[in-house]
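For reference, the chains in residue letters:
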Amino acid sequence: MTPTPLPFTQFVVKVHSRCDLACDHCYVYEHADTSWRRRPKVIGDEVLNKIAERIGDHAAAHRLPAVRVVLHGGEPLLAGPDRLRHAAKALRAALSPGCALDLRIHTNGVQLDDAYCELFAEVGMRVGISLDGDRAANDRHRRFADGRSSHPHVLRAVERLRRPAYRHLYAGLLCTVDIENDPDAVYRALAELDPPAVDFLLPHATWEDRPKPAADGAQTPYADWLLAVYRRWDADGRPFAVRTFESVHRTLHGLSSLTESLGLEPSDLVVLETDGSFEQADSLKTAYDGAPETGYDVFAHSLDQVALHPGMTARQSGLAGLSAACRACPVVRSCGGGLYAHRYRADTGFDNPSVYCGDLMKLINELAGDAAGSAAGSAAGSAAGSAAASAAGSAAGSAAAAGPSVPAQAGEPVVPAALTERQLDQLARGYGDQDTVRALSRAQLALTRAMLAAAWDASGQPGSAAWALLSELDASAPAAVDTVLTHPYARAWAARRLAGDLTVGLGPLAALAAAAAVRAGRGDAVAVPVRGGWLHLPTLGRTAAPDGEAVVTGLADGFSVRASDGSVSAALDQPLRRVRLAGGWTVTLEDVDPLRDSHDHAVAGRLSGGELLDWTGALREAWELLGHDLPAYAEGLRAGLTTITPLRPGPTGRDVSSAARQAHGAVGIARPATAPTLALLLAHEFQHVKLGAVLDLFDLHDPADDQLYLAPWRPDPRPLEGLLQGTYAHLAVTEYWGTRALAYDGLPGEAADRARTQFALWRRYTAEAVDRLAGSGALTALGLRFADGMRESVAPWLAVPLPAAAERAAERARHERGHERGRARHAEV
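Figured I'd write up the structure that's included with this text. Starting from 1, residues in each chain are numbered consecutively following that chain's sequence as written. Only residues with pLDDT of 70 or above have their local features reported here, since the model is predicted, and side-chain atom pairs are shown and tallied only from 80 upward, although totals for entire chains, interfaces and linings are computed over all residues. Computation of side-chain values: all heavy atoms of the structure, hydrogens and water removed.

Turning to the overall build of the protein chain, a few remarks are in order. Helix and strand content of the protein chain: 27 helices and 24 strands. To get the radius of gyration, use the C-alpha atoms; to get the globule rule, take the number of residues to the power 0.38 and multiply by 2.2 Å. Since a compact globule built from 829 residues should have a radius of gyration of about 28 Å, the 29 Å found for the protein chain is in line with a globular shape. Expressed as a percentage of its 829 residues, the buried residues of the protein chain come to 55%. Under the counting rule used here, the positive set is Lys and Arg, the negative set is Asp and Glu, and His together with the chain ends is not counted. Lys charges are placed at NZ, Arg charges at CZ, Asp charges at CG and Glu charges at CD. Across the protein chain, the 83 positively charged side chains and the 99 negatively charged ones have centroids separated by 1 Å. For the purposes of this entry, the term helix denotes a DSSP run of H or I that reaches at least four residues, the term strand denotes a run of E that reaches at least two, and both are numbered from the N terminus. Think of it in three bands: residues with accessible area under 20% of the maximum for their type are buried, residues over 50% are exposed, and the middle band is partly exposed, with areas taken using a 1.4 Å probe on protein chains only.

On to the sheet that holds strand 18 (residues 577-580). Two strands in a sheet stick together by hydrogen bonds in their backbones, pointing the same way (parallel) or opposite ways (antiparallel). By this definition, two strands are paired if DSSP reports at least two bridges between them. Reading across from one edge, 18-19-20-22-21 is the order of the five strands in this open sheet, with mixed pairing throughout. Where the open sheet ends on each side, the last strands, each with one partner, are strand 18 and strand 21 (657-658). Taken together, the two bridges between strand 19 (residues 586-589) and strand 20 (residues 643-646) define a ladder with parallel strand orientation. Across the sheet, the residue bridging to Thr588 is Thr643, located in strand 20. Contacts are assigned to residue pairs that have any heavy atoms within 4.5 Å of one another. For every element, the axis is a line fit to its C-alpha atoms; helices are fit only across the contacting stretch, and the angle between N-to-C directions ranges from 0 to 180 degrees. Here helix 23 (residues 675-697) sits on the sheet and contacts strand 20, strand 21 and strand 22 (666-669); the angle it forms with strand 22, its principal contact strand, is near 140 degrees.

Further remarks concern the pattern of salt bridges. Throughout this description, the term salt bridge denotes a Lys or Arg side-chain nitrogen within 4 Å of a carboxyl oxygen of Asp or Glu. Under the definition given, this model contains 58 salt bridges. Measuring nitrogen to oxygen at the nearest pair gives 3.8 Å for the salt bridge that ties Arg85 to Asp82. Here Asp82 and Arg85 lie together in helix 2 (residues 81-94), a separation of three residues that amounts to about one turn. Exposure remark for Arg85: the relative accessible area of 24% places this residue in the partly exposed category.

Read across the sheet, four strands follow the order 11-14-15-16 without closing on themselves; strand pairing throughout is antiparallel. Looking at which strands have only one partner, the edges of the open sheet turn out to be strand 11 (525-530) and strand 16 (568-569).

Okay, the packing of helix 16 (residues 434-459) against helix 23 next. Where helix 16 meets helix 23, the axes come as close as 10 Å, and the angle between the chain directions of the two elements is 60 degrees. By the angle between their axes, helix 16 is oblique relative to helix 23. In this structure, helix 16 meets helix 23 at a crossing whose hand is left-handed. On the side of helix 16, the interface is formed by Val437, Leu440, Ala443, Gln444 and Leu447, while helix 23 contributes Phe686, Lys690, Ala693, Val694, Asp696 and Leu697. Taken together, the residues that form the contact of helix 16 with helix 23 break down as eight nonpolar, one polar and two charged. Angles are sorted into four bins: roughly parallel if under 35 degrees, roughly antiparallel if over 145, roughly perpendicular if 65 to 115, and oblique for all others. Crossing handedness is defined as follows: a turn of the near helix away from the far one that is anticlockwise and smaller than a right angle gives a left-handed crossing, while the clockwise case is right-handed. Gly counts as polar in this scheme, as do all residues outside two lists: the nonpolar Ala, Val, Leu, Ile, Met, Phe, Trp, Tyr, Cys and Pro, and the charged Asp, Glu, Lys and Arg.

With that out of the way, let us pick up the nonpolar core. Counting 93 residues, the largest nonpolar core has Leu71, Leu84, Phe120 and Phe200 as the members making the most contacts within it. Among the elements that line this core, the one with the most residues is helix 7 (residues 221-235), at eight residues. Residues contacting Leu84, with those up to four places away along its chain left out, are Val15, Leu71, Pro76, Leu77, Ala79, Ile105, Tyr116, Leu119, Phe120 and Met125. Ranked by size, the runner-up nonpolar core spans 75 residues in total, among them Ile644, Leu691, Val770 and Ala810. Put simply, a nonpolar core is a bunch of buried Ala, Val, Leu, Ile, Met, Phe, Trp, Tyr and Cys residues held in one set by side-chain atoms that sit within 4.5 Å of each other.

Bringing the state of the cysteines into the picture now. Disulfides are defined as cysteine sulfur pairs within 2.5 Å. On inspection of all chains with the given rule, the structure shows zero disulfides. Its sulfur unpaired, Cys26 is 6.4 Å from the next cysteine sulfur, which belongs to Cys23. Left without a disulfide partner, Cys175 is nearest to the cysteine sulfur of Cys23, which lies 12 Å away. By relative accessible area, which is 0% here, Cys175 ends up buried.

What follows concerns helix 23. Expected span of a helix: the number of residues minus one, times 1.5 Å. Compared with the 33 Å implied by 1.5 Å per residue over 23 residues, the 34 Å span of helix 23 between its first and last C-alpha is a close match. Of all the 23 residues making up helix 23, 20 are buried; the element is thus mostly covered by neighbouring parts of the structure.

This part takes up the packing of helix 23 against helix 24 (residues 720-743). Their axes nearest at 9 Å, the elements helix 23 and helix 24 cross at an angle of 145 degrees. Regarding helix 23 and helix 24, the two cross each other, and that crossing is right-handed.

Here a pair means two rings of Phe, Tyr or Trp (six-membered ring of Trp) with centres within 6.5 Å. Their orientation is stacked below 30 degrees between planes, edge-to-face above 60, and tilted elsewhere. Evaluation of the coordinates by the stated rule reveals 21 aromatic pairs. Each ring, one from Tyr187 and one from Phe240, has its centre 5.9 Å from the other, and the planes form 35 degrees; the classification is tilted. Of this pair, Tyr187 sits in helix 6 (residues 183-191) while Phe240 sits in the loop between helix 7 and strand 7 (241-242); the two residues are 53 residues apart in sequence, bridging distant segments of the chain. The exposure classification of Tyr187 matches that of Phe240, with both residues buried. Relative to Trp225, the ring of Phe200 lies with its centre 6.2 Å away and its plane at 65 degrees, an arrangement referred to as edge-to-face. Of the two residues, Phe200 sits in strand 6 (residues 197-201) while Trp225 sits in helix 7, which places them 25 residues apart along the sequence. Residue Phe200 shares its accessibility class with Trp225, and that shared class is buried. By way of ring pairs, the aromatic residues Phe200, Trp225, Tyr230, Trp233 and Phe245 are connected into one cluster. Here, a charge over a ring means that NZ of Lys or CZ of Arg falls within 6 Å of the ring centre while also lying within 35 degrees of the ring normal. The ring centre of Phe144 lies 4.2 Å from the NZ or CZ of Arg148, which sits over that ring.

Okay, the pairing of strand 3 (residues 100-107) next. Of all eight residues that make up strand 3, six are buried, and the element is covered over most of its length. As paired elements, strand 2 (residues 66-72) and strand 3 share six bridges and run parallel to each other. Looking at the pairing, Val67 lines up with Leu101 of strand 3. Crossover handedness is defined by viewing with both strands directed away from the observer: a clockwise path from the first strand over the helix to the second marks the crossover as right-handed. The handedness of the strand 2 to strand 3 crossover, carried by helix 2, is right-handed. Taken together, strand 3, helix 3 (residues 114-123) and strand 4 (residues 125-130) constitute a β-α-β crossover, and its handedness is right-handed.

Another aspect to go through is the side chain of Arg126. Looking at the element boundaries, Arg126 is found in strand 4. Ignoring any residue separated from it by four or fewer positions in sequence, one finds Arg126 in contact with Leu103, Arg104, Ile105, His168, Leu169, Tyr170, Ala171, Ala556 and Asp557.

See the structure below:
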């Protein structure tokens, strides 16, 4: 399967190409690239409007929930307030209501005054400021052209942002490392400004223009400098976010990096210059003249075209895009080869380790040692049983009566009839493209909202602060609430409560509100009960805390937890781990949610580092197989499967997997011995997920029918819905074995014989089950339509010729299954 470029979600828009400072370490004016000389000084309205249009079209085409746009330069404030206001309005107007805009500006702060602050408050633009530390450190490089210090001007700008009226605009500080500066003095100077975040950046360098060496001959002076800062930051209780340090911790624990300069995460950033031309990362200007250029511009090219540029795809290729030395390195998953620009050498291009290789190695190893057994990762980086099913069916009416406290969008039906005839036809045949599966997911989100509202309405505690906060966030930060409520196990609490199980208490709802508050980052606080020594935040992870009540506060760049004993933490001990697969699909390995036991098999505990790596490798191979062997199923699976819950292994030789009706988007699997088996289990279980979502919207059979039906593959008779679910799942099983049998066509060997036998067996089983469903007399008109669709899908497989030996082996297996059924009936008697 050819990897598909990731859509862009981050856009750096150059609104002015000149600067009012003359920093001698600036990569725009002082390094290899000279393209700034040819750019218009200020961006024009026509270019701005086209940029906004391109971003809006790209976000709509890829259904992006949010995009980040950073206005940059040069010095962007030189563009003037009218141009900046126009940029903000054009960008917001171009985005659909379902796509949030994270709008920022990065400035040296010299021009920042009250008028600009008022403008940024008006248009919702957060401000990042460049500052290299105390006056001595800052003046080493950041001066006016006549040599004057910029430091007092920058301090005045930061002080404005610290005022209560503008504090919410303060995004943080950017500091370029200079090893001649005192790291302790730099840290103190920045910390005194109470920033929400600080980025410490290595000065741009390449193998052709190497970093400044240490005066004392130290081999890793940049790591030593950063480690000195880290130790002071850590001793102070980590008072603000530092992406470099947090990214190392996160990548060591299997999570994504927060910065392009570390980790193997594919880059999703593009730069737009003042003339409308598309460029790669700005840092490439340090490599050679013209290095970031693509030859594309907003008037002639779409962002999808830009994403296919070789330079863009090179920065999305992960481990495969690194040099041989990097691929063999033990810290490659944290280092990621360093910043792409820092790998450049004239004779070998970017096929080299970073020029900071030794420093990165030491920094990562030192932080790995520090992190052993301690909290790691940042929450910012970053959502049964028959009685519960019955409760889901009644939730809509309960929710409708719940009044304005229901967290649902105005005018939105509780469960929308969101499927078109075309989509129903796809699903009837066992398939479902991305649009179809996303429509099911939207309906499931609406049902989750309804069930939560119904369960809360029945709790008799309408004045709860947690419920009030969840409702308030749904109005002010709906994307944060949606993200939490689309987590598969968000509904499990409501399902159990509505089924009469009151032992789960009300704590899980408070946890949902807390997770939404963390994602919203507005400063909201909510009390969450802690049980069993863990505070759980759905979609994020969990942190150790004494039993009692902890107060969780969502901050602009993270969160804080004040435990019942008064201790405060700002990191998760066990963050959720996500695996990024080819083509940009990311799946969560859910091993901490206390409600993940919704599956009918025992769940595994927290995965060890080795187990996580085993899962990662198996998933990547399985996903490649699915794309090759089951592309029609893989498309929907990518759109709707968000979570895999590791289960405990079954008896020796038995594969264990499960889907839960009240956990849309998740499947539970005990990792099998081989990736092909994992691919089969993923496809099989996601069929249950899809059909369960359909059954929440439509009656496919008469619910009053109480007969039991034999499934050809089971010894025990089942209700009609069980036969329907099994048949639907085995459509994918049939196609899986069919494609493998065709791949082995004419080849000898045990694997080929097994594929042909399994194909012969499952195509017959599935066809018989479809006929049994159709002849039950209990299907609705839509149910019969599904039976016809399933018959249509299995028919071509029945026509595939197979060797007689495979048919005989399949027949023997059928007879053995029949004997099992007879033994089961005899045991019952």
